[in-house]
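Residue strings, one per chain:
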Amino acid sequence: MTKRSLWRLTIVLAVLFGCGYFFTPLSKVKLGLDLRGGVHFELEVQGQEALAADLRDSKDRMVSRLREKGLPGAMVRVDGPALKVEGVGADQKATVEKVAKDFFPGYGVASEGNDFRLTQKDTYQKQLKDDANKRALEVIEKRIRDIDPANVLEPEITASGAEGNRIVVEIPGIEEGDRERIKKLLATPGRLEQRLLAKAPQIYFTSKDEALAFFKGQIPQEFELLPEIESERQARRGGQPVVKAKPGEEKISRWVLLESRIAVDGADIIDSHRASNSQTEANEVNFTLNKKGDDDFARLTGTASEENRLIAIVLDHKIVTELSAKEKIIGGAVRISGSFSAQEADDLASQLRSGALRAPMKFLEEGVVGPGLGKDSIRAGVTSALVGFLVIIVFMVFFYRWSGMNAIIALTVNIIVMMGLLGSFRATLTLPGIAGFVLTLGMAVDANILIFERIKEELGLGKSVPGAIDAGFDRVFWTIVDSHVTQLFAALLLFIFGTGPVKGFAVTLTVGVVASLFTSIYISRFIYDWILEQHPGTKTLSIGVHTMFKGSTFDFMKYKGTALAISWGIIVLCFFFVRPWNLTNNNRIHLGMQFVGGNDMTVRFRGAMEPETIRAALAKNGFTDTTVVAYENSDKSVRDFAVKVKAKKDGDQKDSTIQANALRVIFKQLDPEAVGSTLPALNLEGSKTLADSLARVNPLRVANDESILTTTYVPLAERIIAGRDRLTSGLYHSFSELPQDLPQAVKDTVQTTYRLGAVGIRKNESFSPSISGEWTSKTLTAVGLAMLAILVYVIFRFTASFAVGGIVALIHDLLMALGLFAAFGYEFNVPVVASFLTLMGYSMADTIVVFDRIRENSHRQDYRRVSITKLVNDSINQTLGRTILTSLSVLFVSVCLWLFGGPALRDLAFPLVIGVITGTYSSIYIAAPVVVYWDQWFGGKDKLKQHA
């Protein structure tokens, strides 16, 4: 082996070992939610609320500053989007103006007679919103860390959105039963305030209307009316039954009049934790204040003791308790008592410890995916990948003999490099990511086919084996680079505009393009060079004898007008059939939940169940606009159904959540085992609710302490739910399937307090209608930018005629795939959009093979005097074999995805199958004719061929 080959071998081995380090063992590969199961939330920071909160805070600060300056009579109130200062004498105007400019630089000051109006400047509003976004991200990270201090769950928390006001939270491994707790923990602002009750003739009211009537329709500016939440202690004192309220459904006991001035702010809290009252054993939350908070609290308690007034503890504009003070309290330690469970006290302590959000957050998306569904998807994805890989191996070895083995080795290295790059980037593998992985297998072989076919061509011209290999790699180098770059444009735009699974698809595709470029050019060439070193002077090369369309002389351009008319006619017919201009009440275009909002659920039934039965039950309960599709399952004892229910027009995420809860109730009613039984179903239970149920019964007779009950029964409940998810069907068929290592008392309790149930919800995703318009905008933007990027690149690398031909072919392929996709009744969703963008990249890559030969021939002497039609015809005939072969390689894997990828990948693969076929056709009968027409009509100085 020569020194040069030894160095190249060293580099290859270093790359392989380096990449292997990042993904072996395979447990290092991070699985996305759609494969591992868990919860997904997308939240939006309500920036306008941050502006309103700043107005309220500034009002209090302005009042304090004016009092310090000797203007106690000045009145400050919030007047819409501004502060209004009233009651100022003519001789006091200069003082007010100086205070406003010195202490409120973010506000513009305008004089209105003797009054002043302070309005937030645009730059200040942007700063407030940016601070709220940054603060929200920090707070959520802290709260998630409190849930999972050891970072076992590996949550993904990322900012998104054009203004950075979106936060995407993905937590793998979380049960559906824990979703509401996490949701509340994330969205609750956690703003704690301490205020004095008002000095007024009446401070307690039974309703808000009563308070307004007492003050003749207007609460005084110096006061604020807030609800007091009824605690268990208050209910017991009143002799009322104690009912544990659900989050967000707390009962209001009364309305209380408070001073609007906040005496102590939660921003001064430096520590917070749960504690137990030594006398009542009730859970409390204790927190410690910093020096400023300590001084403020001492001042507050001093005033309360002197004036015999109560102090209200306000959390997120709700009074949770009232405190009395007999004397000034120094030390900065405060205790909040109430009717907290241990978990609620822990969560409240976490919210206070992490700090308050500066603006509330709105849920745009939420989803739960069961791990069992992920197993099915992995199985289908891996099956399609293996089948595609085997088909390519057989094809390459049959067609190219030992050179085909060269391609297989390069492909194997390609897979190792891809896995290594994904591992080094800590990329998360999603279901569309698996599709991208499979797709790159076909695309990677494309480059080898181009090289092998060119080597065959050079050998046919009489060149030696080394000379043919050199010419083969040199002549197709820029063709390979051009085709890969156009694919890269599509992948990068997917990454920029996509979220969640689409980003996974984009990352996989990008990595695949880079790995393919490296292996096809560097690895394949190294293998050939090494073989030539071992067999110097060889006269033959095992590269197969099979040829396709060698020496063909088809007159493609003779029928260019007919071909254009037929293909565009098919597109027009498809579009008249699906009527895309009328999306309202159009039953031929199926839009996914990301585009219309609503709920997307996968429901599993044991035994016989038909989609008509589910559809009828949903319609009976008012859900008439639903889609119910049955899926085959490997376990014939169960059936899966995809249930999609559109959201109400102009609804929000709260409506989607209510809709999801109503759907769950309907599915429970469809459970045949529910008839005559009031017991809950174990197959619908989450680990949290199961643990609570076991703790109430306490079959192991542990101490009746909440923390001991939690640590005892939560692991057991998680073991039971994990055992269910490990079953092939994802449902318990009998109680004998419970984990064998469970204590017998726990097994007996589960059997007596639960029925198994014949229904389970494997996936539950909710989408806010407000996000659907944004998805549509993002999709159109990504498609438009992809076309523009490809147009610019092709103009740079070729000429205007090639660019126009390529874009027309691109539009043709896109419209054809869209029309057929809709006509066959497939659903448009976000991963499908990813496949359409990938189609664009591949379509142009296929066209470039033809373009490159046209350009090469246009510079040859023997084509200087022939017509442009003959130049194009000959170029297409010369590349016809490789055009068909490269298309077949991608078609193989696309069909494998379509046939074996399971229901989740089927919709995504169909556009690729159509796209490969139409892309091959359009390279010959769309792009090439446009080049001919353009050159004849507008060529001028830019003609492809200059006559001698």
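All residue numbers refer to position in the chain's written sequence, counted from 1. Totals for whole chains, interfaces and linings use all residues, but because this is a predicted model, local features are given only for residues with pLDDT of at least 70 and pairs of side-chain atoms are given and counted only at 80 or more. Hydrogen atoms and water are omitted, and side-chain values are computed over all heavy atoms in the structure.

Visitor: Explain the overall build of the chain to me, and be specific about the residues and the numbers.
Guide: If you tally the helices and strands in the chain, you get 26 helices and 26 strands. Sequence-distant contacts, at least 24 apart, represent 77% of the contacts inside the chain between residues at least 6 apart. Surface exposure here means Shrake-Rupley accessible area, sampled with a 1.4 Å probe, where a residue is shielded only by the protein chains that are shown. Total accessible area computed for the chain in this model is approximately 42,400 Å², and 58% of it derives from carbon and sulfur atoms. Under the scheme used here, helices are H or I runs from DSSP no shorter than 4 residues and strands are E runs no shorter than 2 residues, and both carry numbers assigned from the N terminus. When checking whether two residues touch, look at their non-hydrogen atoms; a contact exists if any pair is within 4.5 Å.

Visitor: Report on the pattern of salt bridges, specifying residues and quantitative values.
Guide: One speaks of a salt bridge when a side-chain nitrogen belonging to Lys or Arg is within 4 Å of a carboxyl oxygen belonging to Asp or Glu. Under the counting rule described, the total for this entry stands at 40 salt bridges. The shortest N-O distance in the salt bridge between Arg853 and Glu457 comes to 3.1 Å. Separated by 396 residues along the polypeptide, Arg853 in helix 24 (residues 830-858) and Glu457 in helix 12 (residues 431-460) bring together distant segments of the chain. In this structure Glu457 comes out as partly exposed when scored by relative accessible area, which is 24%. Asp640 is paired through a salt bridge with Arg604; the nearest N and O atoms lie 2.6 Å apart. Placement of Asp640 in strand 24 (residues 638-646) and of Arg604 in strand 22 (residues 598-606) is noted, with a sequence separation of 36 residues between them. Throughout, exposure labels follow a simple rule: accessible area from a 1.4 Å probe, protein chains only, divided by the maximum for the residue type, with under 20% read as buried, over 50% as exposed, and the rest as partly exposed. On the basis of relative accessibility, which here comes to 1%, the residue Arg604 falls in the buried class. What emerges from the salt-bridge pattern is a single network uniting Arg454, Glu457, Glu458, Lys463, Arg475, Arg853, Glu856 and Arg882.

Visitor: Which residues make up helix 9 (residues 291-307), and what are the values?
Guide: A helix's residues, less one, multiplied by 1.5 Å, set its expected span. With 17 residues, helix 9 extends 24 Å between its outermost C-alpha atoms, agreeing within 8% with the 24 Å of an ideal straight helix rising 1.5 Å per residue. Taken together, the buried positions of helix 9 are occupied by Gly293, Asp294, Asp296, Phe297, Ala298, Leu300, Thr301, Gly302 and Ala304. Side-chain atoms alone can form a polar contact between residues adjacent in sequence; in general such a contact is a pair of N or O atoms within 3.5 Å, and within protein one must be able to donate a hydrogen while the other accepts it. With a side-chain oxygen positioned 3.3 Å from the backbone nitrogen of Lys292, the residue opening helix 9 is Asn290. Residue Asn308 follows helix 9 closely and has a positive phi angle near 55°.

Visitor: I'd like a description of the confidence of the model for the chain, backed by residues and values.
Guide: Every residue carries a pLDDT, the predictor's confidence in it, which falls somewhere between 0 and 100. Averaged over the chain, the pLDDT score is 81; the fraction of residues at 70 or greater is 87%. Scored below 50 in pLDDT, residues 241-248 makes 10 contacts in the model with residues more than four places away or belonging to other chains.

Visitor: Now, about the nonpolar core: what can you tell me, with residues and values included?
Guide: Formed by 53 residues in total, the largest nonpolar core has its most connected members in Phe836, Val872 and Ile876. If you list the elements that add at least two residues to this core, you get helix 15 (560-578), helix 22 (772-797), helix 23 (800-823), helix 24, helix 25 (868-900) and helix 26 (903-938). With 11 residues, the top contributor of residues to this core is helix 23. Beyond its immediate sequence surroundings of up to four residues, Val872 is in contact with Met557, Ile854, Ala928 and Val932. As used in this record, nonpolar core signifies buried Ala, Val, Leu, Ile, Met, Phe, Trp, Tyr and Cys residues forming a set joined through side-chain atoms within 4.5 Å. Core analysis: the second largest hydrophobic core is formed by 38 residues, Met396, Tyr400, Leu441 and Leu532 among them.

Visitor: How would you summarise the packing of helix 15 against helix 23 if you had to cite specific residues and measurements?
Guide: Every axis corresponds to a line fitted to the C-alpha atoms, with the helix fit spanning only the stretch in contact, and the corresponding angles, defined between N-to-C directions, vary from 0 to 180 degrees. At a closest axis distance of 9 Å, the pairing of helix 15 and helix 23 adopts a crossing angle of 40°. By the angle between their axes, helix 15 is oblique relative to helix 23. Crossing handedness for the pair helix 15 and helix 23: left-handed. Of the residues in helix 23, those touching helix 15 at Ser567, Trp568, Ile570, Ile571, Cys574, Phe575, Phe577 and Val578 are Val808, Ile811, His812, Leu815, Met816, Leu818, Gly819, Leu820, Ala822 and Ala823. Residue polarity is assigned by list, with Asp, Glu, Lys and Arg as charged and Ala, Val, Leu, Ile, Met, Phe, Trp, Tyr, Cys and Pro as nonpolar; anything else, Gly included, falls into the polar class. When its residues are assigned to classes, the contact of helix 15 with helix 23 shows 15 nonpolar, three polar and no charged. With respect to orientation, any angle under 35 degrees is reported as roughly parallel, any angle over 145 as roughly antiparallel, any angle of 65 to 115 as roughly perpendicular, and every other angle as oblique. It is the rotation of the near helix from the far one that decides the hand of a crossing: anticlockwise by less than a right angle makes it left-handed, clockwise makes it right-handed.

Visitor: Tell me what's going on with the packing of aromatic side chains, and back it up with residues and numbers.
Guide: Stacked, edge-to-face and tilted are the three classes for Phe, Tyr and Trp ring pairs, Trp counted by its six-membered ring, which pair at centre distances within 6.5 Å; planes under 30 degrees apart are stacked, over 60 edge-to-face, the rest tilted. Under the defined criterion, the tally for this structure stands at 25 aromatic pairs. A centroid spacing of 6.3 Å and a plane angle of 85° characterise the contact between Phe104 and Tyr107, whose relative ring orientation is edge-to-face. Residues Phe104 and Tyr107 agree in their burial class; the two are buried. Seen in terms of ring centroids, Tyr933 and Trp937 are 5.0 Å apart; in terms of plane orientation they differ by 25°. Their pairing is stacked. Note that Tyr933 and Trp937 are positioned in helix 26 at a spacing of four residues, about one turn of the helix. Looking at Tyr933, the relative accessible area reads 23%, which means it is partly exposed.

Visitor: Hey, could you go over the sheet that holds strand 3 (residues 75-79) for me, with residue numbers and the actual values?
Guide: Only strands that DSSP links by at least two bridges are regarded as paired with each other. Here we have four strands laid out as an open sheet, ordered 3-4-6-5, and antiparallel in their pairing. Each of the sheet's edge strands pairs with one partner strand only, and the pair in question is strand 3 and strand 5 (107-112). Within this sheet the neighbouring strands show an average axis-to-axis angle of 25°, counted without direction. Here five bridges tie strand 3 to strand 4 (residues 82-86), and the two strands are oriented antiparallel to one another. Of the residues in strand 4, the one forming a bridge with Asp79 is Ala82. Across the sheet, helix 3 (residues 47-68) lies against strand 3, strand 4, strand 5 and strand 6 (115-120), angled at about 170° from strand 3, the strand it touches most. Sheet contacts for helix 4 (residues 93-103): strand 4, strand 5 and strand 6; angle to strand 6, the most-contacted strand, approximately 10°.

Visitor: Describe helix 23, naming the residues involved and giving the relevant values.
Guide: Along its 24 residues, helix 23 runs 34 Å from first to last C-alpha, staying within 8% of the 34 Å computed at 1.5 Å per residue. Most of helix 23 is tucked away, with 17 of its 24 residues classed as buried. Immediately beyond the C-terminal end of helix 23, within one or two residues, lies Gly825, with a positive phi of roughly 85°.

Visitor: With reference to specific residues and values, describe the pairing of strand 2 (residues 38-45).
Guide: Side-chain positions along a regular strand alternate between the two faces of the sheet. The element strand 2 is largely enclosed, with a buried count of eight among its eight residues. The alternating pattern of strand 2 places Gly38, His40, Glu42 and Glu44 on one face and Val39, Phe41, Leu43 and Val45 on the opposite face, and all of these are buried.

Visitor: Please give an account of unusual backbone geometry that cites residues and values.
Guide: The backbone phi angle of Lys216 is positive, close to 60°, even though this residue is not glycine. Secondary-structure assignment places Lys216 in the loop between helix 7 (208-214) and strand 11 (223-229). Under the relative-accessibility criterion, Lys216 is labelled exposed at 78%. Look at His317: it is not a glycine, yet its phi comes out positive at around 65°.

Visitor: Would you mind going over the environment of His546 in detail, with residue names and values included?
Guide: Residue position: His546 is located in the loop between helix 14 (501-534) and helix 15. Taking relative accessible area as the criterion, His546 reaches 25% and is therefore assigned partly exposed. Between the alpha carbons of His546 and Phe399 there is a distance of 6.2 Å; along the sequence they are 147 residues apart. Excluding residues that lie within four positions of it along the chain, His546 makes contacts with Phe398, Phe399, Arg401 and Lys456.

Visitor: Break down the environment of Thr547 for me, citing the residues and quoting the values.
Guide: Locating Thr547 in the fold gives a position in the loop between helix 14 and helix 15. Each C-alpha atom, one on Thr547 and one on Lys456, is 9.0 Å from the other, the two residues being 91 residues apart in sequence.

Visitor: Describe the environment of Gly597, with residues and values.
Guide: Relative to the helices and strands, Gly597 resides in the loop between helix 16 (593-596) and strand 22. Assessed through its relative accessible area of 0%, Gly597 is described here as buried. Along the backbone, Gly597 and Lys644 are 47 residues apart, and their C-alpha atoms lie at a distance of 10.0 Å.

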